[in-house]
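# Residue-level structure breakdown
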Amino acid sequence: MVTTEGITAIQGSSDVARSERRSARIWLAVIAVMFLAIRVPVMYRQPGGQDEDYYAVPGLTILQTGIPQLPHVPARNLESVFYRADVALYSEPPLCFYFQALFYAVLPDVYGTARLASGVAGLLFVALVYGLSRTVGANVTASLWAAGLLSLSRWFYFPATTARPDILCGMFGIAAILCVMQWQRADRVLWLVLAGVCIGLGGLTHPFAIVYAIQLGIWVIVISRDWGRVKFPAILTAAALLVFCLWVPLILLNPEVFQVQFGNQFGGEGSGSICQRAIFPGPSLIYHLRRMWEHVGAIQFLILAIGLIGGSLTSWRGRNAGLRSVCLLAWSAMFLISVAVGPHHSVIGYWVYPAGLMFIAAGAVLQRLVDMAGESRRRFVIAATTTAMLLIPGSGIRMLVVQIRHWNDIEYDSPRFARELISTLPSDDVFAVDREFALDFIVAGRRTLLAQTLPHYFRVDQFHYDYLVIGRHDDENLLAGKPGTELIRTEGIEADEFACYAEIYGVDLRE
C-alpha cells in the first residue's frame, strides 16, 4: 500500500529531477553561448588554415551541382589523392560536405561558414558528452563541468573551429556509445540499430569512424550471451553498412575516379602494415602522444592523463561499470588511432573523440575527490574553477582580444581583405592561390588553381597561371622562387602574425 508520505516523496523526487534537467539545459545553453561568443568572431575573420583549402570548398559545389568537388584542384597525375577532384571528390566520405552545404545555403560563402558547421557539430559533441557522463552515473554538476572544461580545451578548440570533418565524426562516435549503453540497459534492439546508424553516419563523415566501429563491435560481442553474440553484432554491422552504402550512388557516377582517389588515399603503407603496428605499437603511440603533448601543452595533457588514470582506478574500486566502459574506450581509442595512422602523420583532430571520453573521467575524479573531502558543492566549484583557469592559456582568448581591438581594420578581417585584394587584380587571368585565400578567389568567380606542388596532392606547375598569390603561412610553397616569377607587391601587415598578409607575384614561365 502506498502511503500519502510515499506519494509526496515520489512527487518531490520527480520535482527535483525536473529541476535538475532544467538547470542542466540552462547551463549547457550558457556553455554554447560562451563558445559561440568567443569563437565565431575569430572563425569569420581568419584566413584559411591547414587543409581548409580542400575541406571548405565542396559544400559550395554541392549547392551548385549536387556533388562535392574541388574546382581549383583539377589534378591529372595518377598518384594524386585528388585525381580529377574537379569532377568529383572521393578521397574523403561526403557527409561532412553535405552538412557544410546547409550552412552555405543561408550564410556568406567564406571560410567562417564552413568552420561554423564544425562549431555546431562541436556543441552537439559537448551536449552528448554531458549526456554520456550522466548515463555512467556522474551527477549534474560533475557532468556539466566535464562538458564545460572540454569546450575550453585545446583538445576540442581546434577541431571545433576548423573546416574539417573530425569533430562531426567524433560526435557520431559519442552518440553511438550512448545508444549502445541504452541498449544494454533497456534491452531494446532499436537502440542497437540506432548505434549502427550512428556508426554508419560516422563512416560517411570520416574514415577514423573505424575506431569506434571496432570498439563497439567488440563491446557488443563481449556483453552478449549465447547466440546473441552472433545476432547482435550482426544487427549493429548491418545497420552501419546500410547507412554507409548511401555513398554508393555517388560513387557510381564516377567509379574510375573513386578507385584512383580512394586507392591513393588509403592504399599506401608508409610505415609497415597495420598488423605490424598493432603488434609493435610503441613507435606509433610515442609519436602521437608526443604530438598531442606539443599541441595541447603540458598542463592540458597532464590534466587528462591524471583524469583518465584516476577515473580508471575509481571505476574499478567503486564497481562503476559505466565509467569503467568509458575509460576502456578512451584507452583503446588512443591505441587504435595511433596504430591505424602510424608514426608518420599528425592527426590532431582525431583525438577529440578520446578527449571527450577522458573529460568524463576527469569530471568523475573531481566529483570523487570532493565527495571524500566533504562540503562537496563548495569544494567542487573551487576545484573545477581552478582546473578551468588552467585551461585558459592557449585557449584562443588572445586572438579574440586582437580581433576586438582591430574590429574595423581591414587587415584583420580576412573576407574583406581578400575582396579588396581581388578587386585590384585582372578579372580574366588565372590565379594560383594558396590555402589562405583560395576559397575567396573561387567565390569571386576567378579562375583559380591551388598553389600546391606536392604530387600526392596537386601539381600546379603542370598548368598555366598568370599570377601567384601566397599568404603568410605558406611555408611549403616553392613557387615564389621559380624562374619567371616576380614579386609585384605585398598587402597587409607582415610584422603582425594575427594580421592578414599576401604576396602577389606576376608569372611568366615561358622559356
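Report on the accompanying structure. (Residues numbered from 1 in each chain as written. Predicted model: local features only at pLDDT ≥ 70, side-chain atom pairs only at ≥ 80, totals over all residues. Heavy atoms only, no water.)

## So, the overall build of the protein chain
The test is simple: Helix numbers and strand numbers start at the N terminus; a helix is a DSSP run of H or I with at least 4 residues, a strand a run of E with at least 2. Our radius of gyration looks at C-alpha atoms and nothing else; its globule reference is 2.2 Å times the residue count to the power 0.38. A simple rule labels every residue: compare its accessible area, found with a 1.4 Å probe on the protein chains alone, to the largest value its type can have, and call it buried under 20%, exposed over 50%, or partly exposed in between. Contacts: residue pairs with any heavy atoms within 4.5 Å of one another. For the accessible areas, the method is Shrake-Rupley and the probe is 1.4 Å, while residue cover comes only from the protein chains on display.
Helix and strand counts for the protein chain stand at 22 helices and five strands. Against the globule reference of 24 Å for 511 residues, the protein chain gives a C-alpha radius of gyration of 25 Å, in line with a compact fold. For the protein chain, the spread of C-alpha atoms along the principal axes amounts to about 95 × 55 × 45 Å. Of all 511 residues assigned to the protein chain, the portion counted as buried reaches 51%. Long-range contacts, defined here as pairs at least 24 residues apart, represent 70% of the contacts in the protein chain between residues at least 6 apart. Split by element, the accessible area of the protein chain, about 23,400 Å² in all, is 62% carbon and sulfur.

## Considering the sheet that holds strand β3 (residues 467-471)
Under the convention used in this document: Only strands joined by at least two bridges in the DSSP assignment are considered to pair. Fitted lines through C-alpha atoms serve as axes, helices being fitted only where they are in contact, and the angles separating the N-to-C directions of these axes extend from 0 to 180 degrees.
The five strands lie next to each other as β2-β1-β3-β5-β4, forming an open sheet whose pairing is mixed. On the outer flanks of this sheet lie β2 (447-450) and β4 (485-492), each paired with one strand and no other. For this sheet the average axis-to-axis angle between neighbouring strands, irrespective of direction, equals 25 degrees. Sheet analysis places β3 next to strand β5 (residues 501-507), joined by five bridges and oriented antiparallel.

## Quick look at helix α16 (residues 298-317)
Turn by turn, an α-helix covers 3.6 residues, leaving residues three or four places apart pointing in a common direction. Keep this limit in mind: Multiplying one less than the number of residues by 1.5 Å gives the expected span of a helix.
For α16, built from 20 residues, the straight-helix expectation of 28 Å at 1.5 Å per residue is met to within 8% by its first-to-last C-alpha distance of 28 Å. Within α16 the residues assigned to the buried category are Gln300, Phe301, Ile303, Leu304, Gly307, Leu308, Gly310, Gly311, Ser312 and Ser315. Arg319, located one to two residues past α16, shows a positive phi value of around 55 degrees.

## Some words on the pattern of salt bridges
Applicable threshold: In what follows, salt bridge is the name for a side-chain nitrogen of Lys or Arg lying within 4 Å of a carboxyl oxygen of Asp or Glu.
A full pass over the atoms with the stated rule returns nine salt bridges. As a salt-bridge pair, Asp166 and Arg164 come within 2.7 Å of each other at their nearest N and O atoms. When its relative accessible area of 16% is taken as the criterion, Arg164 is described as buried. Linked by salt bridges that have partners in common, Arg45, Asp413 and Arg416 make up one network.

## Overview of the packing of helix α8 (residues 166-186) against helix α9 (residues 189-203)
The condition that has to hold: Working definition: roughly parallel below 35 degrees, roughly antiparallel above 145 degrees, roughly perpendicular at 65 to 115 degrees, and oblique for all remaining angles. The sense of a crossing depends on the near helix, which, turned anticlockwise from the far helix by less than a right angle, makes the crossing left-handed and, turned clockwise, makes it right-handed. Residues are grouped as follows: Ala, Val, Leu, Ile, Met, Phe, Trp, Tyr, Cys and Pro are nonpolar; Asp, Glu, Lys and Arg are charged; every other residue, Gly included, is polar.
For the pair α8 and α9, interaxial distance at closest approach is 8 Å and the crossing angle is 165 degrees. By the angle between their directions, the pair α8 and α9 is classed as roughly antiparallel. For α8 against α9, the interelement crossing comes out left-handed. On the side of α8, the interface is formed by Cys169, Phe172, Ala175, Ala176, Cys179, Val180, Gln182, Trp183 and Ala186, while α9 contributes Val189, Trp191, Leu192, Leu194, Ala195, Cys198, Ile199, Leu201 and Gly202. Taken together, the residues of the contact of α8 with α9 break down into 16 nonpolar, two polar and no charged.

## Quick word on the nonpolar core
The criterion, for reference: By nonpolar core we mean a set of buried residues, namely Ala, Val, Leu, Ile, Met, Phe, Trp, Tyr and Cys, connected to one another through side-chain atoms within 4.5 Å.
Phe125, Leu132, Trp155, Phe156, Ile177, Tyr353 and Leu357 are the most contacted members of the largest nonpolar core, which totals 89 residues. It is α8 that provides the largest number of residues to this core, a total of 14 residues. Core analysis: the second largest hydrophobic core is formed by 34 residues, Val73, Val81, Ala85 and Val430 among them.

## Regarding a nonpolar patch on the surface
Selection criterion: Patch membership needs two things, relative accessible area over 30% and no salt bridge, and members are linked within 9 Å if like-charged or within 5 Å if nonpolar (Val, Leu, Ile, Met, Phe, Trp, Tyr).
Taken together, the side chains of Ile26, Trp27, Val30 and Met34 present a nonpolar region at the surface, about 400 Å² in accessible area. If you trace the backbone, Val30 turns up in helix α1 (residues 4-45).

## Regarding the packing of aromatic side chains
Aromatic rings considered in pairs are described by the distance between their centres and by the relative angle of their planes. Note the threshold: Put simply, two rings from Phe, Tyr or Trp (the six-membered ring, in Trp's case) pair if the centres are within 6.5 Å, and we call them stacked under 30 degrees between planes, edge-to-face over 60, tilted for the rest. In this scheme, the term charge over a ring applies when either NZ of a lysine or CZ of an arginine sits within 6 Å of the ring centre and within 35 degrees of the ring normal.
Applying the stated criterion to the full structure yields 23 aromatic pairs. Plain terms: the ring middles of Tyr54 and Phe82 are 4.5 Å apart, the flat faces sit at 25 degrees to each other, and that makes the pair stacked. Remark: Phe82 occurs in the loop between α3 (58-65) and α4 (95-104) and Tyr54 occurs in helix α2 (residues 52-55); sequence separation between them is 28 residues. Taken as a pair, Tyr54 and Phe82 share a single burial class, namely buried. Above the plane of the ring of Trp407 lies Arg45, whose end atom (NZ or CZ) is 4.3 Å from the centre.

## What about the environment of Ala355?
Structurally, the position occupied by Ala355 is in helix α18 (residues 352-373). Judged by its relative accessible area of 0%, Ala355 falls in the buried class. Apart from residues lying up to four places away in sequence, Ala355 is in contact with Trp155 and Leu304.

## With respect to unusual backbone geometry
In this model, Asp187 sits at a positive phi of 55 degrees, which is unusual for a non-glycine residue. The residue Asp187 is located in the loop between α8 and α9 in this model. The exposure class assigned to Asp187 is exposed, which follows from its relative accessible area of 59%. Although it is not a glycine, Asp226 adopts a positive phi angle of roughly 55 degrees. Within the secondary structure, Asp226 sits in the loop between α10 (210-223) and α11 (228-244).

## Some details on helix α13 (residues 255-266)
Taking 1.5 Å as the rise per residue, α13 with twelve residues should run 16 Å; its terminal C-alpha atoms sit 16 Å apart, in good agreement. Turning to α13, its buried residues are Val257, Phe258, Val260 and Gln261. The elements touched by buried residues of α13 are α12 (248-253).

## As for the environment of Glu420
Following the sequence through the fold, Glu420 ends up in helix α21 (residues 414-423). A C-alpha to C-alpha distance of 8.9 Å links Glu420 and Ile410, two positions ten residues apart in sequence.

## Details of the pairing of β5
Among the seven residues in β5, seven count as buried, and that is most of the element. Of the two faces of β5, both are covered, the one formed by Tyr501, Glu503, Tyr505 and Val507 as well as the one formed by Ala502, Ile504 and Gly506. In the sheet, β4 pairs with β5 via seven bridges, with the strands oriented antiparallel. Bridging across to β5, Arg489 finds its partner in Ile504.

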